[in-house]
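# Geometric and topological summary
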Amino acid sequence: LYPHRPRPGARGYLLFEGARSESERFVDGPELGKLLAETGVPVLVLNACRSAHGEAAAPVNPAHTAGETPPVEPDPHRQVRAWGSLAQEVMDAGAAGVVAMRYNVYVDTAAQFVADLYAALARGQTLGEAVTLGRKQLHASQLRELGGEPLRLEDWPVPVVYEAAPLALFPKPKKGKGNELQITVKAGTGTAAGGTEAALPPEPDAGFFGRDETILALDRAFDRHEVVLLHAYAGSGKTSTAAEFARWYAWTGGVEGPILFTGFERYLPLPRVLDQLGQVFEQALAQRGVHWLALPDEARRDVALQILRQVPVLWIWDNVEAVAGFPTGRDSAWSEDEQRALADFLRAVRGTRARFLLTSRREERDWLGDLPARVAIPQMPMAERRQLARALAEKAGWKARDTAGWAPLLRFSQGNPLTLTVLVRQALKEGLREEEKVAAFVESLRRGETAFADASSQGRSQSLAASLSYGFEHAFTEEERRQLALLHLFQGFVEVDALRLMGHPDNPGCLPEVRGLTREAGMALLDRAAEVGLLEAHGGGYYSIHPALPWFFQELFARSSAEVGLAARRSFVEAVGELGDFYNASYGDGQREVLSALRAEEANLLQARRLALENGWWRGVISAMQGLRVLYDHTGRRAEWKRLVEEVVPAFVEPETEAPLPGREEEWSLVIDYRVRLAREERNLPEAERLQLLTVDWDRRRAAPLLDQPQEGLTAAQKNQIRCLAASLHELGEIQRKGGRAECVAAYKESLELAERIGDQAGAAICAHNLGRAYKDLPDLRDLSAAERWYRRSLELHDPGDRLGRGKNTVALGTVFLERFRDARTARRPDEELLVFLDDAERWYHQALELLPEDAVDDMAATHNQLGSVYGEAGDLDRALPHFQKAVRYREAQGNLFGAARTRGNVAVGLASAGRFADALAYAEEALRGYASYGERAGAEVAETRELIEGIQKAAAAGR
């Protein structure tokens with residue numbers, strides 16, 4: 001931060017540096033003051049400090065040309081006036097006060113001054129009083145450091161304050177009422193040095209890592225609330241985080257009084273809870289003639305509230321879930337009156353100087369209602385998991401490089417610190433270093449084949465078994481425990497419908513444990529499991545599963561016979577496979593919201609696929625892959641999908657002939673389809689056509705006996721066989737069209753004829769549409785009149801209620817007229833003729849916007865982009881821009897950053913052509929960022945866009 005003189009006369013500026021060293025911005029007082037006023041910030045503290053005395057070189061004046069010698073600011077008093085101008089301008093814009101350093105100061109001096117300033121402000125002093133006190137503290141401390149000798153160069157008077165009027169940011173502490181006890185606490189009582197450590201649980205053996213975001217959330221919650229509830233499921237580190245927050249809160253001056261810690265694992269009614277406060281203040285009370293142990297329970301509550309009104313106390317109530325009965329429905333050791341007394345006391349402390357931090361596995365709404373502010377502990381981020389794992393390894397004598405292969409283990413822990421700690425100890429015990437061995441270890445844990453080296457006798461803070469078992473043994477009946485034991489098959493996530501499907505009578509592996517289970521009953525059971533800490537409820541029947549659940553339930557499930565275990569796995573595969581088919585069909589119908597569920601179900605789909613392959617449940621393999629195909633295709637995970645496809649090929653395809661293995665024909669055709677799509681994406685069209693011809697030949701042989709039969713005599717199954725042949729031919733046409741080959745027309749037309757033969761108007765409409773594309777796009781076939789005829793035919797074939805299909809054809813017709821415009825312009829046709837084509841294109845595109853559903857984001861984006869092109873061709877950039885901008889927003893909404901970047905690039909070209917170079921440069925730079933996110937896949941586009949940016953910059957420079 002520098003005072004700066006960009007023009008004659010001293011004036012203050014703040015210089016902000018960007019991420020790049022050459023990126024700088026000067027901000028003046030009016031701009032800064034306006035921002036502070038808008039955001040409700042009353043005071044600006046400019047704590048610019050140097051490590052030693054002496055004037056800094058004046059910064060470069062932004063008004064000067066590069067290469068010129070910047071003006072020197074020889075008079076330090078002018079810098080003082082510059083600060084004054086900045087302060088006055090900030091205050092004129094609405095700020096109430098500014099504090100700044102007059103000259104250069106030592107780092108230690110600046111740090112001490114700011115600490116004293118903030119402390120004084122927090123005690124209710126005005127800004128001017130606080131600065132004056134800070135100066136005095138600096139003077140006193142420097143005299144002490146120099147043994148009382150006069151200073152040769154004092155920096156204690158350096159801080160200056162500009163204050164519009166006396167301003168107190170915080171109220172002064174309230175004095176006690178006349179009839180209240182007057183309690184004082186020596187400074188430092190609440191600090192770690194003053195005894196906090198003795199009251200809190202010890203730090204984890206390897207130290208406390210991460211949770212910065214949770215500690216910050218607690219700090220902010222206590223800015224506005226006296227009672228805060230910290231909640232998370234088993235092993236998330238609630239107690240450790242609460243204790244760490246208390247240490248940090250004391251170290252940073254958040255609490256000046258004592259810190260108390262009370263655990264509710266055992267029965268403690270309110271009077272016994274308050275005894276802990278009485279013990280801390282027993283001596284101070286006795287000096288005033290009050291003897292805590294001689295007070296009746298009612299009086300102790302009143303005295304406790306008097307103490308808390310005067311003394312800032314942080315009091316942790318740990319594991320309060322037991323108070324209202326844990327889990328819900330279990331009898332509590334506390335009577336209803338005793339529960340109410342605890343809650344009423346927490347309500348009574350509002351308005352006092354006390355802060356109460358409660359921890360629980362649940363949100364405690366039945367007991368506490370809306371009384372506390374609530375803070376949930378999230379999963380540990382990967383970086384923090386890595387820190388914790390390395391710390392545990394180092395204590396065991398391992399080097400950091402020995403843990404480089406632990407990534408699978410870190411992911412499996414799902415950011416649960418207790419689970420991670422137990423896993424790391426097991427990995428250390430077994431000497432697991434290589435990632436392959438770690439991955440195998442994790443996979444065995446996921447299957448429940450390996451047990452944790454964990455002793456429940458270590459207690460809940462050290463033992464995962466003890467933590468998970470807490471409340472479980474007495475929370476569920478034997479039948480419910482058998483139902484919950486099925487969760488060991490699920491991988492990190494379960495939705496209640498999967499459990500319900502496992503007991504559906506139509507499921508070949510229908511399980512008696514969950515037969516006839518309703519959605520409501522399933523949710524009630526899983527909600528109770530969430531209270532115990534085995535799950536985390538997300539609402540709507542969706543739950544995250546504790547990462548150690550397979551291990552925890554394995555022993556219980558192992559009591560069943562081998563036949564029961566096999567039946568459970570079959571039931572799981574069928575249920576998850578049905579969900580995979582459902583999500584695939586839903587996505588195909590345009591329901592993009594299923595992607596969030598698919599992301600959560602990915603591990604279950606992979607588990608179902610693995611079990612199905614191992615046991616020869618071929619339909620289950622494909623059903624699971626149908627869901628995975630949608631997810632991987634949408635998220636661009638081509639390499640992973642290719643690996644999955646290659647793994648299943650031997651299970652369905654005869655290696656020499658590539659024909660289907662006996663009994664697996666239906667699944668074979670889908671596997672071939674997977675391979676065809678992969679080949680197309682890799683632009684290996686010859687391989688895609690070779691594989692597609694296998695499908696066409698197979699489907700043709702199956703449908704051949706049916707092709708001469710009258711349509712009215714065909715059964716639904718027979719029509720489906722003909723439909724399969726039509727679909728195969730259509731896919732062949734798609735491959736040939738993308739290869740620029742005219743043979744596609746024959747494939748499309750045969751497919752259309754078959755579709756019409758069985759009354760499949762939707763299939764026929766698609767074929768007609770793609771015939772239009774062939775005549776529009778392929779040079780050897782280009783015939784815009786033929787393209788228009790086929791697009792109109794497709795429009796007629798679409799059901800009137802099919803807005804999406806009709807909208808797509810309407811867009812295509814608009815594109816035909818836009819192409820006619822471009823052809824006519826190339827042929828130098830009259831302007832009147834050109835305008836007719838543009839008008840027709842505009843009309844078709846607007847009709848398309850009226851037809852297309854709003855959630856058809858890809859088509860909406862394409863239509864707006866085309867409308868932008870129409871107006872751009874007409875030279876009406878002001879009408880083109882809004883449509884280009886809408887196209888960008890639609891592309892971004894669907895996650896298509898590549899398409900958004902392409903549209904931005906087109907906008908940049910149009911803007912540059914219109915001489916709007918600044919706007920063009922902004923669009924081009926944003927396009928470059930969009931392409932860059934695709935890495936090497938967008939290498940050509942990145943290079944082209946950089947050339948575009950360079951050209952815009954040169955044109956802009958020439959224009960000046």
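The written sequence of each chain sets the order in which its residues are numbered from 1. Per-residue local features of the predicted model are confined to residues with pLDDT of at least 70, and side-chain atom pairs are confined, for both listing and counting, to 80 or more; whole-chain, interface and lining totals are unaffected and use all residues. Just so you know, side-chain values use all the structure's heavy atoms and leave hydrogens and water out.

Attention shifts here to the packing of aromatic side chains. The geometry of an aromatic ring pair is captured by the separation of the ring centres together with the interplanar angle, meaning the angle of the planes. Stacked, tilted and edge-to-face pairs are distinguished by plane angle, under 30 degrees for stacked and over 60 for edge-to-face with tilted covering the rest, among Phe, Tyr and Trp rings (Trp via its six-membered ring) whose centres lie within 6.5 Å. This model, assessed by the stated rule, comprises 21 aromatic pairs. Site record: aromatic cluster; members linked through ring pairs are Phe264, Tyr267, Trp315, Trp317, Trp334, Phe345 and Phe356. Criterion for a charge above a ring: Arg CZ or Lys NZ at most 6 Å from the ring centre, at most 35 degrees from the ring normal. The ring of Phe817 has Arg820 sitting right over it, with the charged end atom 5.0 Å from the ring centre.

Take the sheet that holds strand β12 (residues 493-495) next. Two strands qualify as a pair provided DSSP detects at least 2 bridges between them. The way it works is that DSSP assigns letters per residue, a run of H or I at least four long becomes a helix, a run of E at least two long becomes a strand, and they are numbered from the N terminus. If you walk across this open sheet you meet the three strands as β12-β14-β13, and the pairing is antiparallel. A single partner strand is all that each edge strand has here, and the edge strands are β12 and β13 (535-539). Each strand of the sheet is rotated relative to its neighbour by a mean of 25°, with strand direction disregarded. Between the N-to-C directions of two axes lies an angle of 0 to 180 degrees, each axis being a line fitted to C-alpha atoms and, for a helix, fitted only over the stretch in contact.

To continue, consider the sheet that holds strand β5 (residues 97-101). What links the strands of a sheet is backbone hydrogen bonding, and the strands pair in either a parallel or an antiparallel sense. An order of β4-β5-β6 is seen for the three strands of this open sheet, with the pairing classed as mixed. Lying at the two open borders of the sheet, with one neighbouring strand each, are β4 (43-46) and β6 (159-163). Shown here is a sheet whose adjacent strand axes are inclined to one another by a mean of 10°, direction ignored. Judged from the four bridges that link them, β4 and β5 form a sheet pairing that is parallel. Its bridge partner lying in β5, Val43 is registered against Gly97.

This part covers unusual backbone geometry. Here Arg683, not a glycine, exhibits a phi torsion of approximately 60°, which is positive. Tracing the backbone shows Arg683 in the loop between α26 (665-681) and α27 (685-703). Judged by its relative accessible area of 75%, Arg683 is exposed. Not every positive phi belongs to a glycine, and Arg828 is a case in point at roughly 60°. Its location among the elements puts Arg828 in the loop between α32 (803-826) and α33 (831-851). Only protein chains enter the accessibility calculation, which uses a 1.4 Å probe; a residue is then buried when its area is under 20% of its type maximum, exposed when over 50%, and partly exposed in between.

In contact at an axis separation of 9 Å, helix α31 (residues 784-797) and α32 are set at 165° when each is read in the N-to-C sense. With respect to α32, the element α31 is oriented roughly antiparallel. The way α31 lies across α32 gives a crossing that is left-handed. Across the interface between the two elements, Leu784, Ser785, Ala787, Glu788, Tyr791, Arg792, Ser794 and Leu795 of α31 pack against Arg806, Asn809, Thr810, Ala812, Leu813, Val816, Phe817, Glu819, Arg820 and Asp823 of α32. In this count, Pro and Cys sit with the nonpolar residues alongside Ala, Val, Leu, Ile, Met, Phe, Trp and Tyr, while Asp, Glu, Lys and Arg are called charged and the others, Gly among them, polar. Here the residues of the contact of α31 with α32 sort into eight nonpolar, four polar and six charged. Orientation is classified from the angle alone, with under 35 degrees giving roughly parallel, over 145 giving roughly antiparallel, 65 to 115 giving roughly perpendicular, and any other angle giving oblique. Crossing handedness: left-handed means the near helix sits turned counterclockwise from the far one by under a right angle, and right-handed means the same turn made clockwise. Working rule for contacts: check all heavy atoms of both residues, and any pair within 4.5 Å makes them a contact.

This next bit is on the packing of helix α8 (residues 270-280) against helix α11 (residues 336-348). The contact between α8 and α11 brings their axes to 9 Å, and the two run at 40°. Classified by the angle between their axes, α8 and α11 sit oblique to one another. Each of Leu270, Val273 and Leu274 in α8 lies in contact with α11, whose residues at this interface are Ala341, Leu342 and Phe345. Residues that form the contact of α8 with α11 fall into these classes: six nonpolar, no polar and no charged.

Right, let's talk about helix α28 (residues 716-738) for a bit. An expected span of 1.5 Å times one less than the residue number is assigned to each helix. Here α28 contains 23 residues, and its C-alpha end-to-end distance of 33 Å stays within 8% of the 33 Å for a straight helix at 1.5 Å per residue. Immediately beyond the C-terminal end of α28, within one or two residues, lies Gly740, with a positive phi of roughly 75°.

Moving on, we get to the pattern of salt bridges. Salt bridges are defined by distance alone: a side-chain nitrogen of Lys or Arg within 4 Å of a carboxyl oxygen of Asp or Glu. Counted under the stated rule, the structure contains 56 salt bridges. A salt bridge links Arg272 to Asp275, with the shortest nitrogen-to-oxygen separation between them at 2.9 Å. Of this pair, Arg272 and Asp275 both sit in helix α8, three residues apart, roughly one helical turn. Taking relative accessible area as the criterion, Asp275 reaches 21% and is therefore assigned partly exposed. Residue Asp878 is joined to Arg916 by a salt bridge in which the shortest nitrogen-to-oxygen separation is 3.6 Å. Of this pair, Asp878 sits in helix α35 (residues 877-893) while Arg916 sits in the loop between α36 (897-913) and α37 (917-932), and the two are 38 residues apart along the sequence. Residue classification places Asp878 among the exposed residues on the basis of a relative accessible area of 58%. For Arg916, a relative accessible area of 30% translates into the label partly exposed.

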